[in-house]
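Below, each chain spelled out in residue letters.
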Amino acid sequence: MTKTNSKKFEITDAAHEKYPFLHRIRALRDVGIEVRAGDLGGFVEGRWNLASDDPSDASWIFDDAICAGGAVVERDSCLRGEAVACDEARVTERSSLSGHARAEDQAYIRGSVLTEHARVSDAGMVLDSPDTGKCPKLGGHCVVYGLVAGDIQIRDAAVVLRAERISNDTRDTLVIGQHGRSMVRDPSRDELKPYKPPERKEQPKRKQRGRDR
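Definitions and limits used
Residues numbered from 1 in each chain as written. Predicted model: local features only at pLDDT ≥ 70, side-chain atom pairs only at ≥ 80, totals over all residues. Heavy atoms only, no water. Pairing = 2+ DSSP bridges. Helix = DSSP H or I, 4+ residues; strand = E, 2+ residues; numbered from the N terminus. pLDDT = per-residue confidence, 0-100. Contact = heavy atoms within 4.5 Å. Core = buried A, V, L, I, M, F, W, Y, C linked by side-chain atoms within 4.5 Å. Buried < 20%, exposed > 50% of the residue type's maximum accessible area, 1.4 Å probe, protein only. Salt bridge = Lys/Arg side-chain N within 4 Å of Asp/Glu carboxyl O.

*Asks:* Is there a simple way to think about the sheet that holds strand β19 (residues 147-150) in this case?
*Replies:* Paired through their backbone hydrogen bonds, the strands of a sheet run either parallel or antiparallel. A sheet is described by the order of its strands in space; here six strands give the open sequence β7-β10-β13-β16-β19-β22, paired in parallel fashion. Edge strands, defined here as strands with exactly one partner in the open sheet, are β7 (72-73) and β22 (165-168). Pairing analysis gives three bridges linking strand β10 (residues 90-92) to strand β13 (residues 108-110), with the strands arranged parallel. Of the residues in β13, the one forming a bridge with Thr 92 is Arg 110.

Set out below in C-alpha cells:
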C-alpha cells in the first residue's frame with residue numbers, strides 16, 4: 001500500500017527515521033538516464049515537492065535527500081546525498097544540490113550547483129547567466145542571502161549578505177572565499193588569434209537638396 005502516487009513516482013510507506021512526516025519515493029517509470037522504474041528515491045512531504053506533469057522532466061530526488069514543506073524540485077534538477085530543499089525554496093532549470101547542501105526559506109536556485117554544506121537562505125537567489133550560459137558553484141560552508149549570478153565560485157565560509165548583488169558575465173571566473181575575491185582567467189584569453197575586422201554596413205546616401213534661386 002502506498003500513501004499516494006502519480007505517473008512519475010509514488011510515495012511509499014517508508015517513513016524518514018527522524019522526520020516521520022516524510023516518506024521515500026519510488027519511480028513508476030524511467031526518469032531521465034539514471035532512474036529506472038522501481039528505483040527508490042529520497043524523501044518528500046507531498047506530491048507537490050517533485051514535478052511530475054511533464055513526461056520529459058528528469059527532475060529527481062536521490063539517496064537520502066529531502067524536499068519538504070512547499071519546496072519544489074523541477075525542470076531536470078536533482079537533490080543528492082543528504083541535500084535538503086525546504087520551506088518555499090525552488091530548485092529549477094538543471095540545478096543540482098548534493099552533500100549536505102540546503103535551499104531554505106524563499107531561496108531560488110536556477111541552473112546552479114551546490115555541494116558540501118553550501119546554503120542559500122532567506123530570499124537568496126543563485127542564477128545561471130542567460131548571456132554566457134555559465135553558472136554559480138557553491139561549496140564549503142558558504143551562505144548566500146543575496147543574489148549571485150553567472151560564472152562565480154563561492155567557497156569556504158564566505159557569506160553573501162541580503163543587500164549584495166554579485167553578477168559576473170565576463171569570460172573569467174570570479175572566486176569568492178572567506179579571505180577575499182579573485183579572478184581566474186579563462187585560458188582561451190591568453191591565446192592570440194588572427195584579427196577579423198568587423199563588417200561595416202554601408203550607410204544609405206543622403207539626397208542632396210537643391211537651393212531655391
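That was the structure; now back to the text.
*Asks:* Can you walk me through the confidence of the model for the chain in this structure?
*Replies:* When the pLDDT values of the chain are averaged, the result is 92; 93% of them are 70 or greater. Here residues 1-6 scores under 50 on pLDDT; set against residues more than four positions off or in separate chains, the count is 17 contacts.

*Asks:* For this particular structure, what's the right way to read the sheet that holds strand β8 (residues 78-79)?
*Replies:* Reading across the sheet, the eight strands line up as β5-β8-β11-β14-β17-β20-β23-β24 and stay open at both edges, with mixed pairing between neighbours. The sheet terminates laterally at β5 (60-61) and β24 (180-184), the two strands that pair on one side only. Here three bridges tie strand β20 (residues 152-154) to strand β23 (residues 173-177), and the two strands are oriented parallel to one another. Bridge pairing in β23 places Ile 152 opposite Leu 174.

*Asks:* Got a minute to help me understand the nonpolar core in this structure?
*Replies:* Generally speaking, a soluble globular protein has its nonpolar side chains buried in company with each other. Counting 41 residues, the largest nonpolar core has Trp 60, Ile 61, Leu 79, Leu 97, Leu 138 and Ile 154 as the members making the most contacts within it. At the level of secondary structure, the elements contributing two or more residues to this core comprise β2 (9-15), β3 (23-27), β5, β8, β20 and β23. If near-sequence neighbours (up to four positions away) are discounted, Leu 97 is found in contact with Cys 78, Leu 79, Arg 80, Ala 83, Val 84, Val 91, Arg 102, Ala 103, Ile 109 and Leu 114. Residues Leu 22, Ile 66, Val 84 and Cys 86 belong to the second largest nonpolar core, which totals six residues.

*Asks:* I'm lost on the pattern of salt bridges in this one. Help?
*Replies:* Pairs can form between side chains of opposite charge once their charged atoms are near each other. By the definition in use, this model includes 15 salt bridges. Where Asp 128 meets Arg 110, a salt bridge forms, and the shortest distance between an N and an O atom there is 2.6 Å. Of the two residues, Asp 128 is situated in the loop between β16 (125-127) and β17 (137-138) and Arg 110 in strand β13; the sequence distance between them amounts to 18 residues. For Arg 110, a relative accessible area of 23% corresponds to the partly exposed category. The closest approach of N and O atoms between Lys 134 and Asp 151, which form a salt bridge, is 3.7 Å. Of this pair, Lys 134 sits in the loop between β16 and β17 while Asp 151 is found in the loop between β19 and β20, placing the two residues 17 residues apart along the sequence. Judged by its relative accessible area of 29%, Lys 134 falls in the partly exposed class. Looking at Asp 151, the relative accessible area reads 9%, which means it is buried.

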